[in-house]
Amino acid sequence: MGVQSPSPHHNRRQFTSATHACDFHKRASTGTYNCLGASLKNPKTESMVTPSLCQAAFAVFRQIEPIIVLEQLGSTLFDTALQMVVRDRCANITDSVHSREENQQRGITDFYMTYNLIIRILPIIPALVLARLSDRGWRKAPIVVPLSGYLLSRLALLLVVIFGLPLEVMFAAAVVFGLSGGFSAYWPGVMTLASLGSSAANRSQVMMKVELLYGLAGLVGSLVSGHLFLLYSSSLGNGTILLSVSTLLHLLCLIFSIALLQVKQANSEDSEDSYHLLSHASRNTCLIAAPGINMVNVVLLFVAAFLYDFAVGGAIEILGSFVLKSPLSWTATEVGYGNAAGCMIFLTSFIGVIVFRKCISDETMILIGMMSFASGIYLMSFVTQTYLFYIARLLNLFALIPMPTIRSLVSQQVPASSCGTALTLLQMTLKLAGVAYIPTFTKIYQNSLNWLPGLVFLLSSIVTVLAMIPISIVGCRSAQTQQYVRIQGD
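What you see is a predicted model, and the numbers here were worked out from it, not measured in a lab.

## Topic: the overall build of the protein
Per the secondary structure count, the protein includes 17 helices and two strands. Classification of the 490 residues of the protein by burial places 51% in the buried group. Considering only residue pairs separated by 6 or more positions, the protein has 81% of its internal contacts joining residues 24 or more positions apart. Here the protein has roughly 22,100 Å² of accessible surface; of this, 66% comes from carbon and sulfur atoms.

Below, the structure written as structure tokens:
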């Protein structure tokens with residue numbers, strides 16, 4: 001206990017006696033000070049601190065955030081491993097018509113076309129079933145069941161690497177993953193828990209925070225994934241340690257979701273009608289929509305989401321193969337860094353939401369994000385060196401703003417009881433976009449591989465501009481509604 005030195009004008013004996021009396025009283029009451037003022041450890045206090053820390057840690061693990069982090073860490077490790085395993089398995093494909101590199105590119109894109117079609121088509125029905133269970137009170141079902149599929153698919157690739165199984169085994173793993181609901185069920189389940197635990201006014205920011213956490217976990221996983229892939233255990237080969245860590249992370253994720261995850265109840269202030277509040281940070285009023293579903297806005301938002309996902313998904317579908325061919329010819333480490341650059345967009349998009357929502361509407365934020373992606377992916381069409389790749393990704397710094405903001409707007413157009421179903425239907429719309437863009441962009445890329453490999457990126461840029469049209473219409477309708485409400489109020 002720090003005590004200032006007495007003034008020379010004070011009686012030192014009286015001060016010393018008072019100090020001893022004070023210290024004795026503190027020792028008797030708390031047991032933390034002795035007669036000399038020295039600090040002592042109180043066993044009872046220490047025994048109280050330890051349970052408090054344990055309770056705080058336990059409370060953290062009962063939230064959805066640790067599951068998001070663990071799942072994304074495991075998935076980024078898996079994605080890098082799968083990409084490199086497929087590249088190595090397709091390296092020896094020979095054809096008398098095409099060159100060795102062109103055959104490898106065709107083999108990689110054909111594999112991913114089949115694999116991604118499976119994991120996008122099969123989850124449709126299981127995800128809808130899980131969404132209905134979620135709306136009936138089984139909120140953990142859309143999270144636990146898909147995580148089981150995640151774990152099995154990661155384990156399958158580990159067995160392929162260890163035992164040298166055919167690459168086609170991953171198609172069977174994709175079937176299992178799809179039947180469990182996959183990302184189509186998992187992500188709406190996560191978003192539903194996040195949205196029900198927030199108010200309509202800040203739902204866009206809450207969902208973007210989830211996206212931020214998802215992106216930061218992906219950033220960390222991507223940075224280390226390439227290095228972990230190069231490590232190997234005895235004669236098992238590259239990727240075994242990387243996939244072992246990925247499988248372990250998904251196992252922990254599944255355990256947490258089953259045993260620890262706590263489902264939050266919707267806020268009392270966020271009643272069913274609050275899902276109809278079209279709140280914008282730039283507008284100091286809340287517009288109350290008509291009772292029921294605002295079908296016109298919902299349709300326009302779904303169309304915009306379809307077009308934007310078609311553009312983004314198609315470009316990203318080819319980007320993984322594009323960086324493996326010359327002139328880039330990336331290694332596992334460079335692939336990890338490239339994926340990390342993509343994950344950085346989560347951070348820049350989150351900062352963009354925080355800044356933009358103070359002065360502009362949600363619709364305008366979506367338009368800014370779409371323009372950001374359109375400009376960056378246009379430059380990607382002409383990338384021939386690694387530094388140009390990173391410049392193109394830098395232009396995409398707000399590219400992830402549109403989708404979570406569209407989800408937020410959709411959740412504001414429907415009753416609370418249908419929130420889970422609406423978000424799942426939106427996710428199904430995105431999966432239908434995937435069914436369309438996967439074969440489309442794959443075939444265009446294969447046919448233009450020799451004369452303009454970046455043609456698919458030009459196409460993606462054009463479709464993104466088209467997606468801005470329905471968003472602009474929604475913005476105009478919201479402005480008209482706002483003006484009408486103000487006139488009625490006056």
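Next comes the rest of the description.
## Some remarks on the packing of aromatic side chains
Enumeration according to the criterion identifies 19 aromatic pairs in this entry. Ring geometry for Y150 versus F177: centroids 4.8 Å apart, planes at 90°, classification edge-to-face. Residue Y150 is found in helix 6 (residues 141–163), and its partner F177 is found in helix 7 (residues 169–179); the two are separated by 27 residues along the sequence. A relative accessible area of 4% places Y150 in the buried class. The buried category is assigned to F177, whose relative accessible area is 7%. With 5.5 Å between their ring centres and 75° between their planes, Y378 and F382 make a pair best called edge-to-face. Exposure remark for Y378: the relative accessible area of 44% places this residue in the partly exposed category. Among the aromatic residues, those joined into a ring-pair cluster are Y150, F177, F183, Y186, W187, Y214 and F346. Sitting over the ring of F78, R154 keeps its end group 4.0 Å from the ring centre.

## Some details on the environment of I354
Position of I354 relative to the elements: it lies in helix 12 (residues 332–356). C-alpha of I354 to C-alpha of Q205: the two residues are 149 residues apart in sequence and 7.4 Å apart in space.

## Considerations on the packing of helix 11 (residues 295–322) against helix 13 (residues 362–380)
Here helix 11 crosses helix 13 at 30°, and the two axes come no closer than 12 Å. Between helix 11 and helix 13, the angle falls in the class roughly parallel. With respect to the hand of their crossing, helix 11 and helix 13 are arranged in left-handed fashion. Two secondary-structure elements touch here, helix 11 through A304, Y308, A311, V312, A315, L319 and F322 and helix 13 through G369, M370, F373, I377 and M380.

## Remarks on the nonpolar core
Ranked by internal contacts, the top residues of the largest apolar core, which has 109 residues, are L82, L157, M170, Y186 and I406. Tallying contributions element by element places helix 11 first for this core, with 13 residues. Not counting the four nearest positions on each side in its chain, M170 is found in contact with F78, L82, F111, Y115, S153, A156, L157 and V160. In this structure, F356, I360, M365 and F398 belong to the second largest nonpolar core, which totals six residues.

## Concerning the pattern of salt bridges
For the structure on display, the rule yields three salt bridges. The closest approach of N and O atoms between D88 and R87, which form a salt bridge, is 3.0 Å. Given a relative accessible area of 39%, D88 falls into the partly exposed group.

## Section: the environment of P453
In this fold, P453 is placed in the loop between helix 16 (419–447) and helix 17 (455–489). For the pair P453 and S381, spaced 72 residues apart in sequence, the C-alpha separation works out to 7.5 Å. Sequence-distant contacts of P453, defined by excluding residues within four places in its chain, comprise F322, K325, Y445 and S448.

## Focus: helix 10 (residues 240–259)
Relative to the 28 Å expected for 20 residues at 1.5 Å per residue, helix 10 spans 28 Å between its end C-alpha atoms, a close match to the ideal helical length. Of the residues making up helix 10, those classed as buried are T240, L242, L243, S246, T247, L249, H250, C253, L254, F256 and S257.

## Some points on a nonpolar patch on the surface
A cluster of nonpolar side chains, L152, L155, L159, I162, F163, L165 and V176, forms an exposed patch at the surface whose accessible area comes to about 560 Å². The element best represented in the nonpolar patch is helix 6, accounting for five residues. Note on placement: L152 falls in helix 6.

## Quick notes on the packing of helix 6 against helix 8 (residues 182–196)
Helix 8 packs onto helix 6 with a crossing angle of 145° between their chain directions and a minimal axis gap of 8 Å. By crossing handedness, the relation of helix 6 to helix 8 is classed as left-handed. Between helix 6, through P142, I143, P146, L147 and Y150, and helix 8, the contact on the second element is made entirely by G182, F183, A185, Y186, G189, V190 and L193. Considered class by class, the residues forming the contact of helix 6 with helix 8 number ten nonpolar, two polar and no charged.

## Quick word on helix 15 (residues 402–411)
Burial runs high along helix 15: ten of the ten residues are buried. Those residues of helix 15 lying buried are P402, M403, P404, T405, I406, R407, S408, L409, V410 and S411.

Conventions we followed
Residues numbered from 1 in each chain as written. Predicted model: local features only at pLDDT ≥ 70, side-chain atom pairs only at ≥ 80, totals over all residues. Heavy atoms only, no water. Helix = DSSP H or I, 4+ residues; strand = E, 2+ residues; numbered from the N terminus. Buried < 20%, exposed > 50% of the residue type's maximum accessible area, 1.4 Å probe, protein only. Contact = heavy atoms within 4.5 Å. Areas by Shrake-Rupley, 256 points an atom, 1.4 Å probe, with all protein chains shown as cover. Phe/Tyr/Trp six-rings, centres within 6.5 Å; stacked < 30°, edge-to-face > 60°. Lys NZ or Arg CZ within 6 Å of the ring centre and 35° of its normal. Axes fitted to C-alpha atoms, helices over the stretch in contact; angles between N-to-C directions. Parallel < 35°, antiparallel > 145°, perpendicular 65-115°, else oblique. Left-handed = near helix turned anticlockwise from the far one by under 90°. Core = buried A, V, L, I, M, F, W, Y, C linked by side-chain atoms within 4.5 Å. Salt bridge = Lys/Arg side-chain N within 4 Å of Asp/Glu carboxyl O. Expected span 1.5 Å × (residues − 1). Patch = residues over 30% accessible without salt bridge, like charges linked within 9 Å, V, L, I, M, F, W, Y side chains within 5 Å. Nonpolar A, V, L, I, M, F, W, Y, C, P; charged D, E, K, R; others polar.

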